[in-house]
Amino acid sequence: MRNLVLFGDSLTYGYGVFKKDNIASLIQNRFKKLSVINSGVNGDTTREALKRLNRDVISFSPVIATILFGSNDSAPSENAYRTIYEFNKNMRAIIDTIKTSKKGTEIILITPPPVDDGVFMPSTTNARLAPYCDAIREIAQRQGLFLCDLNKEFPRMSGGNIEPYIQEDGCHLTEKGYMAFYNCLEPLIAEITGE
């Protein structure tokens, strides 16, 4: 069985939804020839991700690895905030380590979805998130990596009303949000696997 590792924070983990509705389960239900490993950790930034990269990604020798960070890195919190400079450096280190450790691994970069700026709770804002999404797009383009641009796709899919896609906290995804995530990611995995 070939491994697909989903590497990220709470958006990858599936915070606030039943396991059957998270991105790992949705992908596993579609791609029966892959073993989907959920390596999402709530609250993680790229700094913590680098520390657990070998254990949570490299050790599985994935044929595909998705990378989704930025929501926590951009948050104005003492414990979470990572400058755009550090974020870029960490993202490049994650990608380089995967590329050198498992040659041939296809990498899919994912931009964080927009947050609902209209509620009190989000730990970041769309204005703070924007440069991190731009950094992910630039890395994908420069390195020729696959890109699942949730930050652009959510507003398009929702017709501009992302509220049904986002939980009451303003940043985590609802079941509908995970279906939108799946609809963005699935064609890329299908292209890579030929399934």
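Details of the structure are given in the entry above.
Residues numbered from 1 in each chain as written. Predicted model: local features only at pLDDT ≥ 70, side-chain atom pairs only at ≥ 80, totals over all residues. Heavy atoms only, no water.

Quick word on the overall build of the protein
Worth spelling out the cut-off: Counting from the N terminus, the helices are the DSSP runs of H or I reaching at least four residues and the strands are the DSSP runs of E reaching at least two. Our radius of gyration is a C-alpha quantity, and the globule rule it is checked against amounts to 2.2 Å times the number of residues to the power 0.38. A 1.4 Å probe rolled over the protein chains alone gives each residue an accessible area, and that area as a share of the maximum for its type sets the label: buried under 20%, exposed over 50%, partly exposed in between. Here a residue-residue contact requires only that any non-hydrogen atoms of the pair lie within 4.5 Å. Where accessible areas are quoted, they stem from the Shrake-Rupley method and a 1.4 Å probe; at the residue level, only the protein chains shown are allowed to cover.
Helix and strand content of the protein: seven helices and five strands. For the protein, the sequential pattern of α-helices and β-strands runs β-α-α-β-α-β-α-β-α-β-α-α. Against the 2.2 N^0.38 benchmark of 16 Å for 195 residues, the protein shows a C-alpha radius of gyration of 15 Å, consistent with a compact globule. The proportion of buried residues among the 195 residues of the protein is 55%. If you take every contact in the protein between residues at least 6 apart in sequence, the share linking residues at least 24 apart comes to 77%. Of the roughly 9000 Å² of accessible surface on the protein, a fraction of 51% belongs to carbon and sulfur atoms.

Side note on the sheet that holds strand β2 (residues 34–40)
We count it as follows: Here, a strand pair is defined by DSSP locating no fewer than two bridges between the strands. Lines fitted to C-alpha atoms define the axes, with helix axes restricted to the stretch in contact, and inter-axis angles between N-to-C directions lie between 0 and 180 degrees.
Across the sheet, five strands lie side by side as β2-β1-β3-β4-β5; this open sheet has parallel pairing. In the strand order of this sheet, the two ends are held by β2 and β5 (146–149), each with one partner. The average angle at which neighbouring strand axes cross in this sheet is 20°, direction not considered. Taken together, the seven bridges between strand β1 (residues 2–8) and β2 define a ladder with parallel strand orientation. Across the sheet, Phe-7 pairs through a bridge with Ser-39, a residue of β2. With respect to the sheet, helix α5 (residues 126–143) is in contact with β4 (106–111) and β5, its orientation differing from that of β4 by roughly 155°. Here helix α7 (residues 175–193) sits on the sheet and contacts β1, β2, β3 (64–68), β4 and β5; the angle it forms with β5, its principal contact strand, is near 165°.

A few points about the pairing of β3
Threshold: Seen with its strands pointing away from the viewer, a crossover is right-handed if its path from the first strand over the helix to the second goes clockwise.
Burial analysis of β3 places five of its five residues in the buried class, the great majority of the element. In terms of strand pairing, β1 meets β3 through five bridges, oriented parallel. Bridge pairing in β3 places Val-5 opposite Ala-65. Across five bridges, the pairing between β3 and β4 is parallel. Residue pairing for β4: Thr-66 is matched across the bridge by Ile-108. In this fold, β3 hands off to helix α4 (residues 84–101), which returns the chain to β4; that crossover is right-handed.

Description of the packing of α4 against α5
Inclusion rule: Here a crossing is called left-handed whenever its near helix is offset anticlockwise from the far helix by less than a right angle, and right-handed whenever the offset is clockwise.
Contact geometry of α4 with α5 gives a least axis separation of 10 Å together with a crossing angle of 35°. At the point where α4 passes α5, the crossing takes the right-handed sense. Contacts between α4 and α5 involve Ile-84, Phe-87, Asn-88, Met-91, Arg-92, Ile-95, Asp-96 and Lys-99 on the former and, on the latter, Pro-131, Tyr-132, Ala-135, Ile-136, Ile-139 and Gln-143.

A few points about the nonpolar core
For the record, the criterion: Buried Ala, Val, Leu, Ile, Met, Phe, Trp, Tyr and Cys residues that are joined via side-chain atoms within 4.5 Å together make up what is termed a nonpolar core.
Counting 31 residues, the largest nonpolar core has Ile-27, Phe-181, Leu-185 and Ile-189 as its most contacted members. At the level of secondary structure, the elements contributing two or more residues to this core comprise β1, α2 (23–30), β2, β3, β4, α6 (150–158) and α7. Among the elements that make up this core, the one with the highest residue count is α7 (nine residues). Excluding anything up to four places from it in sequence, Leu-185 contacts Leu-6, Ile-23, Ile-27, Thr-66, Ile-108, Ile-110 and Cys-148. If you look at the next biggest cluster of nonpolar residues, it comprises 23 residues, including Ala-65, Phe-69, Ile-107 and Leu-109.

Quick word on the pattern of salt bridges
Inclusion rule: The term salt bridge refers to a pairing of a side-chain nitrogen on Lys or Arg with a carboxyl oxygen on Asp or Glu at a separation within 4 Å.
One pass over the structure, following the stated rule, counts 11 salt bridges. Put simply, Arg-137 and Asp-149 hold a salt bridge, and the shortest N to O gap is 2.6 Å. With Arg-137 in helix α5 and Asp-149 in strand β5, this pair connects stretches of sequence that are 12 residues apart. For Glu-153, the salt bridge identified is with Arg-156, shortest N-O distance 2.5 Å.

So, the environment of Arg-156
Rules: Polar contact criterion, stated in full: a pair of N or O atoms within 3.5 Å, where within protein one must be able to donate a hydrogen and the other to accept it, and residues adjacent in sequence count only if both atoms are side-chain atoms.
Among the structural elements, Arg-156 can be located in helix α6. A polar atom in the side chain of Arg-156 sits 2.5 Å from the side chain of Glu-153.

What is shown is where atoms sit, not what they do.
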